[in-house]
Amino acid sequence: IIIAGDFNCPNINWDTMSVNKGAADQEVQKDLLDFAVEHGLTQVHHQPTRDNNILHLVFTTNPSLVKTSSSIPSISDHLMIVTDIDIIPHYIRKKPR
């Protein structure tokens, strides 16, 4: 599973899996942390996407597939995330008749 987007939760410390004290919307950010833990999701993007905040996130259930995740300039005031994930499609081959 891969989930990515602009979650606007700047007060989450992804290293300690906690919400910083004094966050304006602590409950929403705590709910996002709880959701990630409950569903076995790992947040793999750790570079700021606006000012010094990590607003855009990339979650996966298999972080070993992620090669890189970086922030690059975009046309908005947020940086864009580029994540290189090693995904190989699995084909089910039918037996010949």
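Check the entry above for the structure.
Residues numbered from 1 in each chain as written. Predicted model: local features only at pLDDT ≥ 70, side-chain atom pairs only at ≥ 80, totals over all residues. Heavy atoms only, no water.

(A) Structural detail: the sheet that holds strand β1 (residues 2-6). What the 3 strands build is an open sheet, ordered β1-β5-β4; its pairing is antiparallel. Lying at the two open borders of the sheet, with one neighbouring strand each, are β1 and β4 (42-43). (Pairing = 2+ DSSP bridges. Helix = DSSP H or I, 4+ residues; strand = E, 2+ residues; numbered from the N terminus.)

(B) Highlighting the nonpolar core. Membership of the largest hydrophobic core is limited to 12 residues, which are Cys-9, Ile-12, Trp-14, Val-19, Ala-23, Leu-32, Leu-33, Ala-36, Leu-41, Ile-54, Leu-57 and Phe-59. At the level of secondary structure, the elements contributing two or more residues to this core comprise α1 (26-38) and β5 (56-60). Once residues lying within four places of it in the same chain are set aside, the contact partners of Ile-54 are Cys-9, Pro-10, His-45, His-46, Gln-47, Pro-48 and Thr-49. (Core = buried A, V, L, I, M, F, W, Y, C linked by side-chain atoms within 4.5 Å. Buried < 20%, exposed > 50% of the residue type's maximum accessible area, 1.4 Å probe, protein only. Contact = heavy atoms within 4.5 Å.)

(C) Representation of the side chain of Thr-49 within the structure. Along the chain, the position of Thr-49 falls in the loop between β4 and β5. Here Thr-49 falls in the buried class, since its relative accessible area comes to 1%. Among the polar contacts made by the side chain of Thr-49, one reaches the side chain of His-56 at a distance of 3.0 Å. (Polar contact = N/O pair within 3.5 Å; in protein donor to acceptor, adjacent residues only side chain to side chain.)

(D) Structural detail: the pattern of salt bridges. The full count for this structure, using the stated rule, is 2 salt bridges. With a shortest N-O distance of 3.1 Å, Lys-30 and Asp-34 are connected by a salt bridge. With a gap of 4 residues between them, Lys-30 and Asp-34 both fall in helix α1, about one helical turn apart. Assessed through its relative accessible area of 43%, Lys-30 is described here as partly exposed. Residue classification places Asp-34 among the partly exposed residues on the basis of a relative accessible area of 28%. One salt bridge connects Arg-50 with Asp-77, and the closest N-O pair in it is separated by 2.9 Å. Here Asp-77 lies in the loop between β6 (66-72) and β7 (80-85) and Arg-50 lies in the loop between β4 and β5, a separation of 27 residues in the sequence. (Salt bridge = Lys/Arg side-chain N within 4 Å of Asp/Glu carboxyl O.)

(E) The arrangement of α1 in detail. In this model, α1 (13 residues) spans 18 Å end to end at C-alpha, consistent with the 18 Å of a helix rising 1.5 Å per residue. The set of residues buried in α1 consists of Gln-29, Leu-32, Leu-33 and Ala-36. Mapping the buried residues of α1 onto a view down its axis gives an arc of 95°, with all of them on the same face. Facing away from the buried side of α1, by more than 90 degrees, are the exposed residues Glu-27 and Glu-38. Looking at the packing, one finds that the buried side of α1 touches β2 (12-13), β3 (18-19) and β5. Gly-40 sits one or two residues past α1 and shows a positive phi near 65°. (Expected span 1.5 Å × (residues − 1). Arc of directions from axis to C-beta.)

By themselves, these are just geometric observations and shouldn't be taken as functional.
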